[in-house]
Each structure stands twice: as C-alpha cells, then as structure tokens.
Amino acid sequence: MKNSDNIEKNRLLLYIGMVDFAVIELNEFLDTHPECQEALEYFNYYNQLKNNALEEYAKLYGPLTIRDACNCGNEWKWVTQPWPWEGVC
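So, a few notes on the structure that sits alongside this text. (Residues numbered from 1 in each chain as written. Predicted model: local features only at pLDDT ≥ 70, side-chain atom pairs only at ≥ 80, totals over all residues. Heavy atoms only, no water.)

1. Digging into the packing of helix α1 (residues 3-32) against helix α2 (residues 37-61)
Packed helix pairs are specified by the crossing angle of their axes together with the interaxial distance, meaning the distance between the axes. Formally: Helix axes are fitted only over the stretch in contact, all axes being lines through C-alpha atoms; the angle between N-to-C directions runs from 0 to 180 degrees. Think of it this way: any DSSP run of H or I at least four residues long counts as a helix, any run of E at least two long counts as a strand, and we number them from the N terminus. Roughly parallel means an angle under 35 degrees; roughly antiparallel means over 145; roughly perpendicular covers 65 to 115; every other angle is labelled oblique. By definition, turning the near helix anticlockwise from the far helix through less than a right angle yields a left-handed crossing, and turning it clockwise yields a right-handed one.
In the contact formed by α1 and α2, the axes pass within 9 Å of each other and the chain directions differ by 150°. With respect to α2, the element α1 is oriented roughly antiparallel. α2 is crossed by α1, and the crossing has left-handed handedness.

This is how it looks when you write it as structure tokens:
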C-alpha cells in the first residue's frame, strides 16, 4: 500500500470515528428525549454519513464490521484483510 493510500485510509477511519461518535451521542440523547425532532434529524443525517463512509471503506479496504461484509463484492475479505489496528507498511 502506498503512503498516500495509507494516509487516505487513516483519514477515512478517523472520519468514521467522528461521525460514529455523533451518532452514539445523539442516540443517547434521543433515549431521554424521544420527541425531539431536531435531534432525530441530526441522528438521521449523521447516521447516513456514517453508513456512506463505512460503505466507501468496505469497497476500498474491506469491511470494518461484519455488517459491512456483504458490501465486499464477490470476495469474502472479512478474515483475509489486515485488521484496522494492525497497520500495514
């Protein structure tokens, strides 16, 4: 993997972490404020961003979660790819 590819992979992982954090926080808020339409709109927005980023990551580098494994095309990459924490040189 080229250094520029590794930088892009890390950028995408960081982005996924950021939007996932927003989704989790909004989920917790909605657990206590289920009627808040504004929070629900934010949740839907950030959840869509997260899902799009996970799909992009799976297409480029393989799935991050088992839920994304079905987006891998004709190859089962779940166990053959390096795990995100393994770092590839």
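Resuming the write-up.
2. A few points about the packing of aromatic side chains
Formally: Note on ring pairs: Phe, Tyr and Trp rings are taken, using the six-membered ring of Trp, and paired if centres are within 6.5 Å. Classes follow the plane angle, with under 30 degrees stacked, over 60 edge-to-face and the rest tilted. Here the term buried applies to any residue with accessible area under 20% of the maximum for its type, exposed to any over 50%, and partly exposed to those in between, with areas from a 1.4 Å probe on protein chains only.
Taken as a whole and judged by the stated rule, the model has two aromatic pairs. With a centroid separation of 5.1 Å and 85° between ring planes, the pair formed by Y45 and Y46 is classed as edge-to-face. Judged by relative accessible area, Y45 falls into the partly exposed class, the value being 48%. Y46 sits in the partly exposed class, given a relative accessible area of 28%. Seen from their ring centres, Y57 and Y61 are 5.0 Å apart, and the 50° between their planes marks the pair as tilted. With Y57 and Y61 both in helix α2 and four residues apart, this pair spans about one turn of that helix. On the basis of relative accessibility, which here comes to 16%, the residue Y61 falls in the buried class.

3. Section: α1
What counts is decided by this rule: Each residue after the first adds 1.5 Å to the expected span of a helix. Any two residues having at least one pair of non-hydrogen atoms within 4.5 Å are treated as being in contact.
Between its first and last C-alpha, α1 extends 44 Å over 30 residues, near the 44 Å set by a 1.5 Å rise per residue. The set of residues buried in α1 consists of K9, L12, I16, V19, A22, V23, L26 and L30. Its buried side turned inward, α1 meets α2.

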